[in-house]
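# Chain and residue survey
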Amino acid sequence: MNGEQIAVVLHATDSITRAGVTAALRSRPEVRLVEPPEPAPVALVVLERWDAEARQLLRRLQVPGGAGIVLVAGDIADPELLNAVGGGVSAVVRRAEATPDALVRLVKATAGGQGALPADLLGRLLDRVSRLQRNVLNPNGWTMAGMSDRETEVLRLIADGFETREIAEKLCYSQRTVKSILHDITNRFQLRNRAHAVAFALREGLI
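Position labels on residues start from 1 in each chain and follow its written sequence. Local features in this predicted model are restricted to residues whose pLDDT is 70 or higher, and side-chain atom pairs enter the listing and the counts only when it is 80 or higher, whereas totals over whole chains, interfaces and linings include all residues. The basis for the side-chain values is all heavy atoms of the structure; hydrogens and waters are excluded.

### A short note on the packing of aromatic side chains
A ring pair, where both rings are aromatic, is described by two values, the distance of the centres and the angle of the planes. To keep things clear, this is the line we draw: Two aromatic rings, drawn from Phe, Tyr or Trp (for Trp, its six-membered ring), form a pair once their centres lie within 6.5 Å of each other, and the interplanar angle then sorts them: stacked below 30 degrees, edge-to-face above 60, tilted otherwise. In this scheme, Lys NZ or Arg CZ marks a charge over a ring once it lies within 6 Å of the ring centre and within 35 degrees of the ring normal.
Under the defined criterion, the tally for this structure stands at zero aromatic pairs. Stacked on the ring of Tyr173, the Lys or Arg Arg150 has its end atom at 5.7 Å from the ring centre.

Right, here's the structure in full:
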C-alpha cells in the first residue's frame with residue numbers, strides 16, 4: 001500500500017472486544033478504522049465462538065467484490081475455521097496470538113491480495129484439499145475448478161475457433177450435447193456467452 005493508511009472496518013460480537021481492538025489499533029499509523037458505510041478494503045472480524053451470530057456475520061461479509069476478511073478466532077474448532085477459509089476468509093489468527101503487530105501484518109497482507117493462516121491450520125487445509133481431489137474429484141473426472149475434462153475440451157476447441165458442428169464431429173458428440181455442455185458451464189459459473197466462457201477458462205488456467 002506504499003505507506004498509505006489502510007481503511008479497516010471492525011466487526012466484533014461484543015462491545016468489550018470491540019473497544020479493546022479499537023484501542024490497540026487506534027495509534028497504529030498503518031491502519032485507519034472506519035465505520036460502515038464508508039468503504040474499506042479489509043474487514044477485521046473478531047469472533048469469540050462459532051455460533052449462529054458468527055455464521056450470519058461471515059455470510060454477510062463473504063460477497064463477491066467485498067472486503068478481504070481477517071478473522072481473529074477465539075474458541076472456534078478447526079473444522080469451522082476451515083469452512084470460514086473455504087468461504088473466503090483471507091487471513092486467520094488465533095486470539096491468543098492477535099497482537100497489534102500481528103493484526104497490522106495481516107491487514108497489510110489482506111489489502112495486498114494475499115492470505116495468511118497458522119501453519120497447523122494450513123497443513124490441515126491442504127490435507128482436506130488433497131483428500132477432496134483424491135476421493136471425489138479424480139474418480140469423477142473433475143478438476144479443482146469444478147470443470148470436467150470434456151467441458152475443458154469443448155472450451156479449448158471453441159477457443160481455437162471451431163463451430164458447434166465441428167466440435168461435435170471432433171469429439172463424436174451430438175450438436176445437442178455440445179450445446180448442453182456449454183449451457184452447463186455458463187450457468188454454473190454465471191458467464192454471459194461463449195466468449196465469456198473462453199475468457200474465464202483462460203484466466204483460470206483451464207485451457
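### Some points on the packing of helix H6 (residues 149–159) against helix H9 (residues 194–203)
Note the threshold: Each axis is a line fitted through C-alpha atoms, taken for helices only over the stretch in contact, and angles between the N-to-C directions span 0 to 180 degrees. Think of it this way: any DSSP run of H or I at least four residues long counts as a helix, any run of E at least two long counts as a strand, and we number them from the N terminus. Angles below 35 degrees are treated as roughly parallel, those above 145 as roughly antiparallel, those between 65 and 115 as roughly perpendicular, and all remaining angles as oblique. If you view the pair so one helix is near and one far, a crossing is left-handed when the near helix is turned anticlockwise from the far one by less than a right angle, and right-handed when it is turned clockwise. Two residues form a contact once any of their heavy atoms are found within 4.5 Å. Charged means Asp, Glu, Lys or Arg here, nonpolar means Ala, Val, Leu, Ile, Met, Phe, Trp, Tyr, Cys or Pro, and polar covers whatever is left, Gly included.
Running from N to C, H6 and H9 cross one another at 110 degrees; their axes reach a closest spacing of 10 Å. Judged on the interaxial angle alone, H9 and H6 are roughly perpendicular. Between H6 and H9 lies a crossing of left-handed hand. Together, Leu155, Ile158 and Ala159 of H6 and Arg194, Ala197, Val198 and Ala201 of H9 make up the contact between the two elements. Split into classes, the residues belonging to the contact of H6 with H9 amount to six nonpolar, no polar and one charged.

### Here's the deal with H6
Selection criterion: Type-normalised accessible area, obtained with a 1.4 Å probe on protein chains alone, sets the label of each residue: buried when under 20%, exposed when over 50%, and partly exposed for intermediate values.
For H6, the full list of buried residues reads Glu151, Thr152, Val154, Leu155, Leu157 and Ile158. Residues of H6 that are buried in the fold lie against helix H7 (164–171), helix H8 (175–188) and H9. Gly161 occupies a position one or two residues after H6 and carries a positive phi of about 95 degrees.

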